[in-house]
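Structural features, examined
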Amino acid sequence: MKTIRATIQIEVPYSNEYMNYADKLDKELRRVIDNTPFINCGVEAGNLKPNGNPTLKLKDETEL
């Protein structure tokens, strides 16, 4: 199946809290994204094979 893969890179200041508590890092990453007027990203498209990185997807309407 053809897909579009968008890759973003987010940097936040180093914090032991972020490294030890995924929920705190998640909250900070979302804060950065929410305060960004435009998300610049790398884009590739086609019949892409999994690349080993964690991938976020929306559930299909049929899965809801």
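Before going into details, it helps to say that this report is about the structure given with it. (Residues numbered from 1 in each chain as written. Predicted model: local features only at pLDDT ≥ 70, side-chain atom pairs only at ≥ 80, totals over all residues. Heavy atoms only, no water.)

1. With respect to the packing of aromatic side chains
Put simply, the rule reads: Note on aromatic pairs: the rings of Phe, Tyr and Trp (six-membered ring only in Trp) are paired at centre separations within 6.5 Å, and the planes decide the class, stacked below 30 degrees, edge-to-face beyond 60, tilted for the rest. Criterion for a charge above a ring: Arg CZ or Lys NZ at most 6 Å from the ring centre, at most 35 degrees from the ring normal.
The full count for this structure, using the stated rule, is zero aromatic pairs. Sitting above the plane of the Tyr21 ring, Lys24 keeps its charged end 4.9 Å from the centroid.

2. Observations concerning the environment of Val32
Inclusion rule: Elements are defined by DSSP. Helices are runs of H or I of four residues or more, strands are runs of E of two residues or more, and each kind is numbered from the N terminus. Contacts are assigned to residue pairs with any non-hydrogen atoms lying within 4.5 Å of each other.
Topologically, Val32 is positioned in helix 2 (residues 22-34). For the pair Val32 and Leu58, spaced 26 residues apart in sequence, the C-alpha to C-alpha distance is 20 Å. Other than its neighbours up to four places away in sequence, Val32 contacts Ile10 and Val12.

3. Describing a nonpolar patch on the surface
What counts here: Only residues whose relative accessible area exceeds 30% and that form no salt bridge enter a patch; like-charged residues are grouped when within 9 Å of one another, and nonpolar side chains (Val, Leu, Ile, Met, Phe, Trp, Tyr) when within 5 Å. In this description, accessible areas are obtained by the Shrake-Rupley approach with a 1.4 Å probe, and a residue is regarded as covered only by the protein chains that are shown. When a carboxyl oxygen of Asp or Glu lies within 4 Å of a side-chain nitrogen of Lys or Arg, that pair is called a salt bridge.
On the surface, Ile8, Ile33 and Ile39 cluster together to form a nonpolar patch covering roughly 220 Å² of accessible area. You can see Ile8 is positioned in the loop between strand 1 (3-7) and helix 1 (16-20).

4. Some thoughts on the pattern of salt bridges
As a working rule, side chains carrying opposite charge can pair if their charged atoms are close by. Threshold: Classification of residues uses two cut-offs on accessible area relative to the type maximum, computed with a 1.4 Å probe and protein chains only: under 20% is buried, over 50% is exposed, and between them is partly exposed.
In this structure the tally under the stated criterion is four salt bridges. Here Arg31 makes a salt bridge to Glu28, at a shortest N to O gap of 2.9 Å. With Arg31 and Glu28 both in helix 2 and three residues apart, this pair spans about one turn of that helix. Since its relative accessible area comes to 47%, Arg31 is described here as partly exposed. Residue classification places Glu28 among the buried positions, given a relative accessible area of 11%.

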